[in-house]
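Overview (structure and organization)
As a plain string of letters, each chain reads:
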Amino acid sequence: MSHRSWRARLILISLAALTLLGAVATAGSAFVLLQLGRIERHELADVLTSAPQQPVTAADVVIGQTSTALGNPDGEPPGHTAEGGGGGTTGDGDGAADEADAASGSAGTDNQSPGQPVLPGSPTGENYLLVGIDSTLGLSADDPLRAGHSDFSRLADVIMVIRLRNDGTAAMMSIPRDLAAEIAGTSDITGISQIAKINSAYNRDRTTAGRAARMIDTVEENLEITLQHFIEVDFQAFLRLVDAVGGVQMTFSQPLRDQPNGGTSSPTESRSGFVTKAGTHVLDGRQALAYVRSRHLEEQSPDGTWQRHGIWNDLARNDRQREFMRIAAEQVAPGLLASPIKLLSILDIAADHLSTSDTLSIVNDGRRLASRFPGIDFDTDFEEYELRVQDVHDPVRWSLGLTPDPHNQRVLDVFRGIGWDDIVESRVTVKVTGTARHRLAAELSELGFDAEAAGAIPEGVDRPPVGTVVYLSSEGRLAAGLLASHLVPVPDFAGHDDLDATTVILHAGEGPLRVDAGYRRVDVPTAEQLVP
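Rules and cut-offs
Each chain carries its own residue numbering, running from 1 in the direction its sequence is written. For this predicted model, a pLDDT threshold of at least 70 governs which residues receive local features, and a threshold of 80 or more governs which side-chain atom pairs are given and counted, while totals over whole chains, interfaces and linings are taken from all residues. Neither water nor hydrogens contribute to the side-chain values; these are computed over all heavy atoms in the structure. In this scheme, strands are said to pair when DSSP sees at least two bridges between them. Helix numbers and strand numbers start at the N terminus; a helix is a DSSP run of H or I with at least 4 residues, a strand a run of E with at least 2. Note on geometry: axes are C-alpha line fits, over the in-contact stretch for helices, and angles between N-to-C directions span 0 to 180 degrees. The pairing test for Phe, Tyr and Trp rings, Trp by its six-membered ring, is centres within 6.5 Å, and the orientation test on the planes gives stacked under 30 degrees, edge-to-face over 60, and tilted for anything in between. The rule is simple: take the accessible area with a 1.4 Å probe, protein chains only, and divide by the maximum for that residue type; under 20% is buried, over 50% is exposed, in between is partly exposed. Angles below 35 degrees are treated as roughly parallel, those above 145 as roughly antiparallel, those between 65 and 115 as roughly perpendicular, and all remaining angles as oblique. Here a crossing is called left-handed whenever its near helix is offset anticlockwise from the far helix by less than a right angle, and right-handed whenever the offset is clockwise. Between two residues, a contact is recorded if the distance between any of their heavy atoms is within 4.5 Å. Note on residue classes: Ala, Val, Leu, Ile, Met, Phe, Trp, Tyr, Cys and Pro are nonpolar, Asp, Glu, Lys and Arg are charged, and everything else, Gly too, is polar.

**Topic: the sheet that holds strand S10 (residues 256-258)**
With respect to topology, four strands assemble into an open sheet ordered S11-S10-S13-S14, the strand pairing being antiparallel. In the strand order of this sheet, the two ends are held by strand S11 (275-276) and strand S14 (306-308), each with one partner. Bridge analysis of S10 against strand S13 (residues 297-300) gives three bridges, and the strand direction is antiparallel. Looking at S13, one finds that Arg257 is bridged to Glu298.

Written out as structure tokens, the structure is:
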């Protein structure tokens, strides 16, 4: 899947609206300001969380180290670039980040003295929660797109988090709408929350602000990330946007249709009304919306019979939606900003179908995005991440659960300001030996290390030292330095051939040793200097 696939979503569904509004707003006309005033803004500042400080990583504490050296064990995601010194849509960009680094003593300053305290830096990114709702408002009573829906339904059909950084890069994560989650605000007298599909959190309240607040809390509590802004758009915006850009050209290798209801072959009786012949066609907004919403897509074989096309599940539908968005972006994005007529159409559509949190300034934030958009390199500046999921049926039937492998935490870390390859406590295994090993392992675990008591003496070491020593491999300088930055006094270091880049041994010998939650700069020997 192309890492550029989500850029069209950005353009055609949400942030593009802000970007284009900002471009139009520079004209300052009364019409523009009037239209901008129509965009609904919700009081969510008290619900959304302020951007946290930039976490300290091993590269910040190890003297002479300016970047991580660990490769990605899970395979580098499409379009991935390590997140370091990025930011959001507010602030002063890289200059502000540099000043924050200088003030905090983080990596990048000239002061590299051992023992110098290292503090978290200023926030370098902001997270936007984007929700696309499956609404039928505005559709005629006999429209096939209304099938199975009511005007009162506000299910979140698309849920994603986009992180914008000060350096102009961004990351996007889709949240499967069928993900089983504890729904915020549903706990009973025992404190147990109701578990349901996460998109249902958006269908429990009568107002958009209430729905948004519950979804924000649900995402933050279940994924343990913070959200700074909220944007909602309904699918009528999608329909109108496709029409506004003159349709989207697509090529189909065989006839396709959404499975008809009741066994009829009439396309008007199908679930979404989508039907097409093989070949190249320009889809208008209605056809495009029916295509991306189709849940039971069928293809016609040469003998005229219809059979299932692909896999019928929500993840496959999401893939089809992203593919459509990618094709649409490649066709319409290049000339979109250069067309005043199209920009005014986008403005009108956004005014009718877009709503945001009160943490966003449509004019100022939109203008800032518009100033960046022309210079964006979608091949290198955008990253798309996917959570790995598995089918679960308990306690919610036909739902999805996150797989237990480390990949998902690494993905979520990106939206916490931690780069894919950064070394932080949760990615370091510490085997503690020697005196007080049980106490030390427990205290290190509290700091987030994967720590365990491993015996009286280090495995593979003939003569355990009298004092405290951290054993590391030739590639383990960062992991060892992060551990040592929490130890008082600073230990000695020694080489160990049987360890990997993120596993170290802490041998606590004679003398007091204290674990400190703070960080200090440490000077870790290079591979050439290590003595076994």
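Continuing now.
**Digging into the sheet that holds strand S24 (residues 503-508)**
Sheet architecture is open: five strands sit in the order S20-S19-S24-S21-S23, paired in mixed fashion. The two strands at the open ends of the sheet, each matched to only one other strand, are strand S20 (450-453) and strand S23 (492-495). Across this sheet, the average inter-strand angle for adjacent strands is 25 degrees, counted without regard to direction. Here four bridges tie strand S19 (residues 429-434) to S20, and the two strands are oriented parallel to one another. Residue pairing in the sheet places Val430 in a bridge with Ala451 of S20.

**A few points about the packing of aromatic side chains**
The description of an aromatic ring pair uses the distance of the two centres, along with the angle that the planes make with each other. Counted by the stated rule, this structure contains six aromatic pairs. Judged by centre distance (6.5 Å) and plane angle (35 degrees), the rings of Tyr202 and Phe230 are tilted. Of the two residues, Tyr202 is situated in the loop between strand S7 (195-197) and helix H6 (208-223) and Phe230 in strand S8 (residues 229-234); the sequence distance between them amounts to 28 residues. Note on Tyr202: relative accessible area 0%, which makes it buried. One aromatic cluster is present, built from ring pairs that chain together Phe252, Phe274 and Tyr291.

**Thoughts on the pairing of strand S18 (residues 399-402)**
Residues in a regular strand project their side chains so that they alternate between the two faces of the sheet. With four bridges joining them, strand S17 (residues 389-392) and S18 adopt antiparallel strand pairing. Pairing of Val392 across the sheet is with Ser399, part of S18. Counted between consecutive antiparallel strands, the loop separating S17 from S18 contains six residues, among which Trp398 sits at a positive phi close to 55 degrees.

**Things to note about the packing of helix H7 (residues 235-244) against helix H8 (residues 285-293)**
One way to put it is that H7 packs onto H8 with a least axis distance of 7 Å and a crossing angle of 130 degrees. Classed by the angle they form, the pair H7 and H8 counts as oblique. Handedness of the crossing formed by H7 with H8: right-handed. In this structure, H7 contributes Phe235, Phe238, Leu239, Val242 and Asp243 to the contact, and H8 contributes Gly285, Arg286, Ala288, Leu289 and Val292. The class makeup of the residues in the contact of H7 with H8 is seven nonpolar, one polar and two charged.

The quantities given are spatial measurements derived from coordinates; they are silent on function.
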